[in-house]
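# Per-entry structural report
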Amino acid sequence: MAQAPATPKAHRRLLRLRAALFGPQAATRFARAESETAALALRRLPLPETRRDCVAFLIPLVGPGPVKDWTAVTDRLQTTLQSLLDQDDPNWRAVICCQERPPLPDDPRITHLPFTDSTPGNDKWRKLAALCDHLAAMDLPTGYVMSFDADDLLRQGTVREMLDRQAPGGYLVETGFVMDHARGTYALAGPPTATMPLRKPFWKLCGSCAALSHDPAQRESAAFLKSMTAHEHRMFPYLAALAGRTLTPLRRPSVLYILNHGENFGARRGRVGFKTRFVDRFRITDPATLETLDTDFPKH
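Summary of the structure given here.

About the thresholds
Residues numbered from 1 in each chain as written. Predicted model: local features only at pLDDT ≥ 70, side-chain atom pairs only at ≥ 80, totals over all residues. Heavy atoms only, no water. Core = buried A, V, L, I, M, F, W, Y, C linked by side-chain atoms within 4.5 Å. Buried < 20%, exposed > 50% of the residue type's maximum accessible area, 1.4 Å probe, protein only. Helix = DSSP H or I, 4+ residues; strand = E, 2+ residues; numbered from the N terminus. Contact = heavy atoms within 4.5 Å. Phe/Tyr/Trp six-rings, centres within 6.5 Å; stacked < 30°, edge-to-face > 60°. Lys NZ or Arg CZ within 6 Å of the ring centre and 35° of its normal. Pairing = 2+ DSSP bridges.

Side chains of a nonpolar character, in soluble globular proteins, are inclined to be buried together. Of all hydrophobic cores here, the largest spans 81 residues; its most connected members are Phe 57, Ile 59, Leu 81, Val 178, Phe 202 and Phe 224. A total of six residues in this core trace back to one element, the largest contributor, which is strand E2 (residues 92–98). Those residues in contact with Phe 202, other than ones at most four positions away along the chain, are Val 173, Glu 174, Thr 175, Gly 176, Phe 177, Val 178, Ala 189, Gly 190, Ser 208, Cys 209, Val 255 and Tyr 257. Counting residues in hydrophobic clusters, the runner-up holds nine residues, among them Phe 177, Ile 284, Leu 293 and Phe 297.

Structure representation (structure tokens):
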């Protein structure tokens, strides 16, 4: 299972317009991707009216076969999971999908989903599909579901913000930090501004960027999440909006994306260079902001 290709931007705009003007059923025949069909199917259903009580993190982890240093990979995962354990709202769950069970903290909220598909090639997208299929077995309340990379960190207080604000469709990480681990430098990703017209929002750089409202009673919800996460993350806001689950930006830079630590997934695909240049161009030098990183991402 390869990553699903993005649909052209012009098509996306037209499909959203058709759905808005004529409804999801009429727009479905113009869908080009399975994810668009799933989004329009979900759009026909009402948003959950009950309170969202949990954030579930779906974490695909590379197996020991393709990596040089499995211990380094699992150490990174431990740091990621610690950023969840440090949250001041305990209402979250995390599932790690991997061929081999990694060392995990002794916490019932953190579980391992065995992955037995031995098909050659990049298996990240198949692991995300398995995680979405697993949602039905997790006995989750209505809440939010967020795919999260095994080497990213969640800012302290983010789970509380999600559950306090109760955004109907879910959340988008528009601003977030990017760290070049090899050089110890940081940048702030965010929407372009008048003084930084070339800056990119965080969701264009990192896959740990969207938490979708999820009602376990709606089978269409899990089906949509499965088809959405088959794409690269730049499709997430569009597909969420097409599904009638428009994403609300989180109020603070909420995720730390770490590059060049030796076992990045992107490095294996040859796609880290432009992000390294992004850190160079938008490097943070303000001492107060750097101190914030130490406070809210204490173990990075």
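Next comes the rest of the write-up.
A separate point is the packing of aromatic side chains. Each aromatic ring pair is characterised by the separation of its centres together with the angle its planes make. Within this structure, the stated rule accounts for four aromatic pairs. Judged by centre distance (5.1 Å) and plane angle (65 degrees), the rings of Tyr 144 and Tyr 171 are edge-to-face. Of this pair, Tyr 144 sits in strand E4 (residues 143–147) while Tyr 171 sits in strand E6 (residues 170–172), placing them 27 residues apart in sequence. Grouping residues by exposure puts Tyr 144 and Tyr 171 together as buried. Plain terms: the ring middles of Phe 177 and Phe 297 are 6.1 Å apart, the flat faces sit at 85 degrees to each other, and that makes the pair edge-to-face. Of this pair, Phe 177 sits in strand E7 (residues 176–180) while Phe 297 sits in the segment after helix H11 (287–296), and the two are 120 residues apart along the sequence. Among the residues examined, Phe 177 registers a relative accessible area of 3% and is labelled buried. On the accessibility criterion, Phe 297 (2% relative accessible area) is buried. Just above the ring of Phe 30 sits the side chain of Arg 18; from NZ or CZ to the centre is 3.6 Å.

Moving on to unusual backbone geometry. A positive phi angle is found at Asp 139, which is not glycine, with a value near 55 degrees. Residue position: Asp 139 is located in the loop between helix H5 (124–134) and E4. Here Gln 166, not a glycine, exhibits a phi torsion of approximately 60 degrees, which is positive. Among the secondary structure elements, Gln 166 is positioned in the loop between helix H6 (158–165) and E6.

The next thing to look at is the sheet that holds E7. Two strands in a sheet stick together by hydrogen bonds in their backbones, pointing the same way (parallel) or opposite ways (antiparallel). Spatially, the four strands line up as an open sheet ordered E5-E11-E7-E8, and their pairing is mixed. The sheet terminates laterally at strand E5 (153–154) and strand E8 (185–189), the two strands that pair on one side only. Of the strand pairs in this sheet, E7 and E8 are connected by five bridges, and their pairing is antiparallel. Paired with Gly 176 across the two strands is Ala 189, which belongs to E8.

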